[in-house]
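Chain by chain, the residues run as shown.
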Amino acid sequence: MLSYSSYMLTAVAALLVTCNALTKYPGIPGLPSIPGLSGRDDLQGQTHLSGLPKSLNTEVHKVLNLKHRLSRLKGVLVLKGKIREVREKIFASNGEKVDFASALASCEDARGTLATPMNEEENKAILGIVKEYNQYAYLGIKIGEDAGQFKYLNGIPVNYTKWYQNEPNGKRTEKCVEMYNDGSWNDKKCNLRRLTICEF
Ligand code: MMA
Ligand code: CA
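Residues numbered from 1 in each chain as written. Chains lettered and ligands numbered in written order. Predicted model: local features only at pLDDT ≥ 70, side-chain atom pairs only at ≥ 80, totals over all residues. Heavy atoms only, no water.

(A) A look at the coordination of the calcium ion (ligand 2). The protein atoms donating to the calcium ion (ligand 2) are Glu 167 (OE), Asn 169 (OD1), Glu 174 (OE), Asn 186 (OD1), Asp 187 (O) and Asp 187 (OD), with metal-donor distances spanning 2.2 to 2.6 Å. The sequence motif formed by the donor residues of the calcium ion (ligand 2) is E-x1-N-x4-E-x11-N-D. The exposure class assigned to Glu 174 is buried, which follows from its relative accessible area of 17%. (Donors = N, O, S within 2.8 Å, 3.2 Å for Na, K, Ca; no water. Buried < 20%, exposed > 50% of the residue type's maximum accessible area, 1.4 Å probe, protein only.)

This is how it looks when you write it as structure tokens:
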């Protein structure tokens, strides 16, 4: 008699194997797809995964079907140029030019935050949106009131930077950061109108 935990182990193993298989096949670049599968929700019917009780098998298939549906929805968003993905992060803009506080508020209203490049790859993805709209954008970085160092919005000092030559030069009068259309950064006053780019 198999214990419940070994059922769970089998279920998780089956999920991992199947999910890996889902990501292997080429389709839309960067998206998982399965040859011969249409856009239906019933991914692979209700194939019985060995050793699983029927109820757990059903749950596994529900999760797989949800993942499949999500990957198709992601396909729509990438196809329409609505999102840019870097690893686990998703960047997107609403096309609006507003001051820093309003930009942050609209990102947070959408359950995200302002785009915050943590490395070159993320900086490039955000730059892509800056170029697409041909508008400088505020980043999710602000000066600390104490030592005047630049910090992420969670208060941690920045550990990746892309300052334009001779920046930052605002001497605490420029408390926000904008991205130029070459991807470099400038400290800048927070009350200007800049493109809103969020990360999710
Ligand atoms: C502006 C302003 C600053 C920036 C300098 C660069 C004159 O001030 O955008 O933030 O550092 O230009 O010349
Ligand atoms: Ca500056």
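Once you've had a look at it, read on.
(B) Highlighting the site of ligand 1. Residues in contact with ligand 1, as listed here, are Glu 167, Asn 169, Glu 174, Asn 186, Asp 187 and Lys 188. One of the side-chain nitrogen or oxygen atoms of Glu 174 is found 2.5 Å away from an oxygen atom of ligand 1. Relative to its unbound accessible area of 330 Å², ligand 1 is 48% covered by the protein chains. (Near = heavy atom within 4 Å. Polar contact = N/O pair within 3.5 Å; in protein donor to acceptor, adjacent residues only side chain to side chain. Areas by Shrake-Rupley, 256 points an atom, 1.4 Å probe, with all protein chains shown as cover.)

(C) Local environment of the pairing of strand S9 (residues 194–199). In terms of residue burial, S9 counts as a mostly covered element, since six of its six residues are buried. Note that strand S4 (residues 113–114) and S9 share two bridges and pair antiparallel. Following the sheet pairing, Leu 114 is matched in S9 by Cys 198. (Helix = DSSP H or I, 4+ residues; strand = E, 2+ residues; numbered from the N terminus. Pairing = 2+ DSSP bridges.)

(D) Expanded view of the side chain of His 61. With respect to the helices and strands, His 61 occurs in helix H2 (residues 54–79). The buried category is assigned to His 61, whose relative accessible area is 2%. At a separation of 3.2 Å, a polar atom in the side chain of His 61 contacts the main-chain carbonyl oxygen of Thr 47.

(E) Inspection of unusual backbone geometry at higher detail. A cis amide bond links Glu 167 with the next residue in sequence, Pro 168, at an omega value of -5°. Within the secondary structure, Pro 168 sits in the loop between strand S6 (150–152) and strand S7 (176–179). The backbone phi angle of Arg 111 is positive, close to 65°, even though this residue is not glycine. On the secondary structure map, Arg 111 appears in the loop between helix H3 (100–109) and S4. Classification of Arg 111 as exposed rests on a relative accessible area of 80%. Even without being glycine, Lys 171 reaches a positive phi, approximately 45°. Residue placement: Lys 171 occurs in the loop between S6 and S7. Here Lys 171 falls in the exposed class, since its relative accessible area comes to 76%.

(F) Broad picture of the state of the cysteines. In the structure shown here, the tally under the stated rule is two disulfides. Each sulfur of the disulfide joining Cys 107 and Cys 198 lies 2.1 Å from the other. Taking the torsion about the sulfur-sulfur bond, which here is approximately -85°, the covalent link between Cys 107 and Cys 198 counts as left-handed. Taken together, the positions of Cys 107 in helix H3 and Cys 198 in strand S9 put the pair 91 residues apart, joining distant regions of the chain. By relative accessible area, which is 0% here, Cys 107 ends up buried. (Disulfide = S-S within 2.5 Å.)

(G) Representation of H3 in the model. Residues of H3 that are buried: Phe 100, Ala 103, Leu 104 and Cys 107. For H3, the angular spread of buried residues about the axis comes to 95°, placing them on one side. Turned more than 90 degrees away from the buried face of H3 sit Ala 101 and Asp 109, all of them exposed. Among the structural elements, strand S3 (89–98), S4, strand S5 (137–143), S7 and S9 are those in contact with the buried residues of H3. (Arc of directions from axis to C-beta. Contact = heavy atoms within 4.5 Å.)

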